[in-house]
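# Overview (structure and organization)
The residues making up each chain are set out below.
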Amino acid sequence: MDNGEQPSWLSRLAGSLERLRQREDQMTLVLSVVIGALVSLVVVAFILLTGRLAARMYPPGGSGWRRILVPTLGSLGTGYLLWRYFPFARGSGIPQTKYALFIHDGRIRFRTVFGKFFCCSASLASGIALGREGPSVQVGAGIASVVARNLGLETKQVKALVSAACAAALAAAFNTPIAAVLFTLEEIMGDLHAEVLGSVVLSSVTSWVVLHLVLGDEPLFHVPAYRLVHPAEFGVYAVLGVVGGLGSVCFVKLLLGLRAWFMRLPKSTVWVQPAVGGLAVGLMGYFVPEVLGVGYNQVEKVLNGDIVLQLVVLLAVLKIVATAVCYGSGNAGGIFGPSLFMGSMMGAAVGGVAHTLFPNYTAGPGAYALVGMGTAFAGIVRTPLTSVIMIFEMTRDYTIIVPLMISNMIAFFISYKLQKEPIYEALAHQDGVHLPTHHSRSESERLQVSQAMRSAPVVLSPDMRIGPALHKVEDGAFDAWPVVGAGGLWGMIRTNDLEQAAEDGASNKKIAEILDHRPPTGHPSAEEFPHVHLDNSLSLALQRMGAIRLNVLPVVSRENLRQLIGIVALNDVLSAYGVAKAAGEPERRR
Amino acid sequence: MAAPSPARSFLATLSLVFLAIAAIFAADMFLAGLERKESRIEAARLFRQGQTAIARGENVEAIERINDATSFERGNRDYRRTLAQAQLAAGKTGDAEATLTDLLQTDSTDGLASLTMARVLVKEGRFREAVSYYHRAVYGQWSQDAAANQLRARFELIDLLAHRDSKEELLAELLPIEDQPPRDWKMRARLGQLFLQEGSPARAAALFRGVLHDAPANADAYAGLGEAEFAQSQYRSAQRDFQTALRLEPDNQTARKNLDLANELLTLDPTLRGLGQEERFRRSVKLVELTGAEAGQCAGGNPAPDLQALLDTAEEAVNPRVSAARQSDAAESNLDLAEQLWAARKECKPPPPADSPLALVMARIAQ
């Protein structure tokens with residue numbers, strides 16, 4: 001300090017924080033833990049508040065009229081609030097979070113977080129047949145966005161923390177930390193190798209720890225230990241996959257169709273539309289109360305084989321309709337929970353029939369309900385890996401994994417074939433938003449170097465004199481040429497360097513004397529020795545060309561970097577993308 | 001006024017975040033506490049409904065209610081134990097087993113859960129496993145009245161072993177109780193009966209005497225003591241005790257039957273102490289007569305030569321003219337003859353009943 005005083009502890013702390021702030025990666029990791037804890041606490045509050053409100057709206061022994069009135073009034077009230085004050089808090093929350101990440105640089109307003117929290121809590125408590133997990137993700141992401149922006153972080157850090165918060169929210173809502181990480185990477189980021197993996201994992205784990213601190217160690221569902229009774233059961237699980245896949249497609253198409261219909265109605269009716277969903281679910285709930293709300297207690301019952309076959313079938317059908325109407329009409333709530341509900345009911349129905357027909361060869365309906373949950377999730381949300389891990393974490397039952405994988409993959413395949421667009425993509429398209437999709441990403445990665453490679457028209461030797469070398473390449477179209485000598489490829493020599501050497505009167509010098517690279521020794525990196533391999537994507541080739549400002553790269557063997565296979569030129573890459581004409585002759589160097 | 005530095009602003013925001021974390025944590029704890037309290041109340045209400053249904057014998061209804069109660073309060077072991085009992089009563093042994101497996105996984109020393117599991121396994125015919133769970137119940141933890149419950153579990157196991165006629169295992173279960181007999185004389189009387197059944201009449205007699213000390217007018221104890229003495233060939237004592245039992249409880253048919261048997265034995269047995277020489281001789285003749293008749297009946301119309309010879313000897317022995325001085329020797333040879341005839345009779349099918357007076361006397365002579 002200038003005045004000679006010792007710096008106060010506050011100043012020292014601020015100094016330490018400033019130093020930490022400068023190290024972006026470390027800062028993001030530290031903040032992931034803080035965000036994980038905060039989001040977990042908020043999600044727990046959301047779940048508990050919703051539960052307590054629901055308990056008051058539907059006291060034990062409540063009369064039938066309540067089941068019509070409460071969801072209708074609840075959705076009418078929250079519908080008005082959503083329309084008037086919180087327009088971005090409608091729906092699930094997953095697409096909205098993706099919009100924030102991919103379009104708005106991770107920006108979610110506090111007002112949206114506030115609206116989502118309270119409107120969702122009220123509408124879910126009133127019995128709307130939607131889930132709490134999607135909204136939890138949006139609330140969590142919103143909190144991370146608000147905090148990160150107020151901390152003055154860079155956009156990249158804000159987005160990383162928003163992703164981490166998604167995982168934290170899901171880990172707290174489902175009590176499934178691994179599935180939360182997978183879902184964030186698989187669905188929200190669309191990339192299992194995303195850079196934010198560290199933050200996402202840290203945040204998810206912190207959230208899970210905090211959840212356990214507050215609510216204790218209880219899985220979402222308690223299920224008996226099921227086991228495979230007979231190998232023939234795999235056949236029944238495959239049938240379940242087919243049923244789950246078809247059921248998922250029906251649900252998604254119905255939801256999208258109803259949503260499109262509601263969206264075509266006059267704008268002035270938007271505020272009242274959610275009440276249609278509320279009334280529909282209320283009328284169903286009057287006759288079949290189990291259809292109200294997210295229905296996890298019914299799921300637990302069916303997992304324990306405690307619901308009769310007829311009711312199970314009825315609930316599967318009613319839940320598909322109720323959720324589609326509630327979501328389509330613009331209520332706030334997600335489809336994760338309802339997916340699990342529908343899946344468990346479809347599973348129990350298939351299992352119930354199979355067990356009636358072949359009691360000695362099949363487990364009870366509960367085992368099929370368990371697998372059915374994952375099946376519907378894979379079919380509707382289209383994240384098969386997440387769904388397998390999620391069911392495992394929810395139930396902590398390992399024995400069910402193999403049937404679950406079989407059933408999931410079949411449902412996923414059927415859903416993919418019959419409904420090309422995954423539900424979140426389709427919802428975004430209905431909103432007029434085009435998000436980057438896994439399909440579009442993989443499409444760009446699909447074109448490989450092998451599709452644009454050609455053999456090198458000129459190969460120089462390191463012992464060659466610069467004058468003759470320049471003469472040899474002066475009609476060529478490329479910026480650089482491969483130099484191959486003893487031991488293989490030495491590197492690429494730029495035409496500019498040859499010309500410069502000739503101008504400097506060094507025409508008699510050997511290429512080896514002016515080449516940046518030494519004779520082949522060791523294992524150089526791509527930075528030291530720019531190259532591509534046959535199976536690299538063309539986008540990577542473009543990226544490397546840009547980095548070294550050359551219009552050509554050597555294609556080398558993966559086994560031996562010094563083994564030249566050919567070259568890939570900019571024009572050929574563009575031609576492969578359909579941008580330039582296929583080059584019969586390479587373009588002249590400018 | 002100078003703008004705050006980024007670090008200070010960062011610190012201020014971070015402090016607010018931590019403050020929010022603390023506040024929401026407090027709110028969460030309050031809400032979680034409220035939920036737990038309300039859940040407990042709702043669970044207790046449903047559990048009471050379930051218990052009422054059990055009392056009415058409506059076990060399916062009870063299962064539904066208690067299931068609902070456990071979903072509200074998953075950690076309550078009492079609910080789950082009662083659920084398992086209702087499932088067992090409803091014949092849903094598979095469900096009961098699953099419930100109990102879950103319970104015992106979290107606490108393998110749970111006495112009541114082990115006992116219920118043992119009952120489930122007995123119902124499923126898995127006796128070996130059931131015995132193992134009975135042992136867990138006997139040595140397990142009980143929330144209240146542990147000693148009485150452990151004893152009850154052991155008696156249940158004993159009953160099972162007695163029912164399955166597993167005498168060695170039965171004795172192994174009875175001996176620990178004998179070391180520390182229960183205070184309740186009814187249980188001691190039951191224990192005496194079990195020792196009798198297992199084949200330890202001396203231990204049974206000791207227990208019945210103890211019971212009679214506490215309940216001197218107990219007819220069952222007298223009858224039991226009589227049986228224990230009878231099994232130890234103390235026929236006179238047994239006769240007295242059966243008589244006492246019948247005096248206390250004239251309708252006790254078992255005691256009457258046993259008394260008749262004792263009376264018959266006492267008139268037939270030549271080895272009883274205190275018999276005169278003439279009476280002993282007379283009884284030996286009677287035995288030769290009875291065993292001869294049995295052997296003759298067994299051989300039918302065409303006995304083997306050896307047996308025919310014995311039968312002829314027996315015919316001579318039953319019409320004797322023996323002087324008083326030779327009666328003792330004659331009695332001995334008669335008993336030898338009776339033993340030979342009885343041995344020949346034993347090869348017949350069906351073999352003679354082991355509890356008939358003649359068989360009992362012959363067994364005693366063979367000793």
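The structure this text deals with has already been given above.
Quick look at the structure, then. Since we're looking at a predicted model, the values are computed, not measured.

Check the secondary structure of chain B and you find 17 helices and zero strands. In terms of overall dimensions, chain B is more spread out than a globule: its C-alpha atoms have a radius of gyration of 36 Å, far above the 21 Å expected for 367 residues. C-alpha extents for chain B along the principal axes are approximately 145 × 45 × 40 Å. When each of the 367 residues of chain B is scored for burial, the buried share is 44%. For chain B, restricting intrachain contacts to residue pairs at least 6 apart in sequence, the fraction spanning at least 24 positions comes to 53%. Surface summary for chain B: the accessible area is close to 19,500 Å², and the carbon and sulfur share equals 51%. Both charge centroids of chain B, one from 44 positive and one from 52 negative side chains, sit 5 Å from each other.

Take the interface of chain A and chain B next. Taken together, the contact pairs 37 residues of chain A with 27 residues of chain B. Summing both sides of the interface, chain A and chain B together bury roughly 2,800 Å²; the carbon and sulfur share of this comes to 69%. A per-residue breakdown of the area chain A buries against chain B is headed by Leu41(A), Leu48(A) and Arg52(A), which together make up 20% of the total. Remark: the boundary between chain A and chain B carries five salt bridges. For Arg52(A), the salt bridge identified is with Glu35(B), shortest N-O distance 3.8 Å. Residue assignment for the side of chain A that touches chain B shows that the elements contributing at least two residues are helix 1 (9–22), helix 2 (24–57), helix 6 (133–150), helix 9 (197–215) and helix 12 (296–303) of chain A. With 13 residues, the top contributor of residues to the side of chain A that touches chain B is helix 2 of chain A. Here the residues of the side of chain A that touches chain B sort into 26 nonpolar, three polar and eight charged.

On to the pairing of strand 2 (residues 480–485) of chain A. Residue and element names in this part refer to chain A. Bridge analysis of strand 2 against strand 3 (residues 488–494) gives six bridges, and the strand direction is antiparallel. Counted as the bridge partner of Gly485 is Gly488 from strand 3. Counting the residues that bridge the hairpin from strand 2 to strand 3 gives two residues, and of these Gly487 lies at a positive phi of roughly 90°.

What follows is about unusual backbone geometry. You will see that Asp105(A), though not glycine, has its phi angle at about 55°, which is positive. On the basis of relative accessible area, Asp105(A) is assigned to the partly exposed category, the value being 43%. In this structure, Ser233(B) takes a positive phi of about 65° despite not being glycine. Topologically, Ser233(B) is positioned in the loop between helix 11 (219–231) and helix 12 (235–248). Ser233(B) gets classed as partly exposed once you look at its relative accessible area, which sits at 21%.

Below, the discussion takes up the environment of Thr269(A). Residue and element names in this part refer to chain A. Structurally, the position occupied by Thr269 is in the loop between helix 10 (233–264) and helix 11 (273–287). Residue classification places Thr269 among the partly exposed residues on the basis of a relative accessible area of 22%. Along the chain, Thr269 and Trp83 lie 186 residues apart, while their C-alpha atoms are 9.8 Å from each other.

Residues and elements named next belong to chain B. Relative to the 18 Å expected for 13 residues at 1.5 Å per residue, helix 8 (residues 167–179) spans 18 Å between its end C-alpha atoms, a close match to the ideal helical length. Listed as buried for helix 8 are Leu170, Glu173, Leu174 and Ile177. For helix 8, the secondary structure elements touched by its buried residues are helix 6 (127–139), helix 7 (146–163) and helix 9 (185–198).

Rules behind the numbers
Residues numbered from 1 in each chain as written. Chains lettered and ligands numbered in written order. Predicted model: local features only at pLDDT ≥ 70, side-chain atom pairs only at ≥ 80, totals over all residues. Heavy atoms only, no water. Helix = DSSP H or I, 4+ residues; strand = E, 2+ residues; numbered from the N terminus. Rg over C-alpha atoms; globule rule 2.2 N^0.38 Å. Buried < 20%, exposed > 50% of the residue type's maximum accessible area, 1.4 Å probe, protein only. Contact = heavy atoms within 4.5 Å. Areas by Shrake-Rupley, 256 points an atom, 1.4 Å probe, with all protein chains shown as cover. Lys, Arg positive; Asp, Glu negative; His and termini not counted. Charge placed at Lys NZ, Arg CZ, Asp CG, Glu CD. Buried area = accessible area lost by both parts, 1.4 Å probe. Salt bridge = Lys/Arg side-chain N within 4 Å of Asp/Glu carboxyl O. Nonpolar A, V, L, I, M, F, W, Y, C, P; charged D, E, K, R; others polar. Pairing = 2+ DSSP bridges. Expected span 1.5 Å × (residues − 1).

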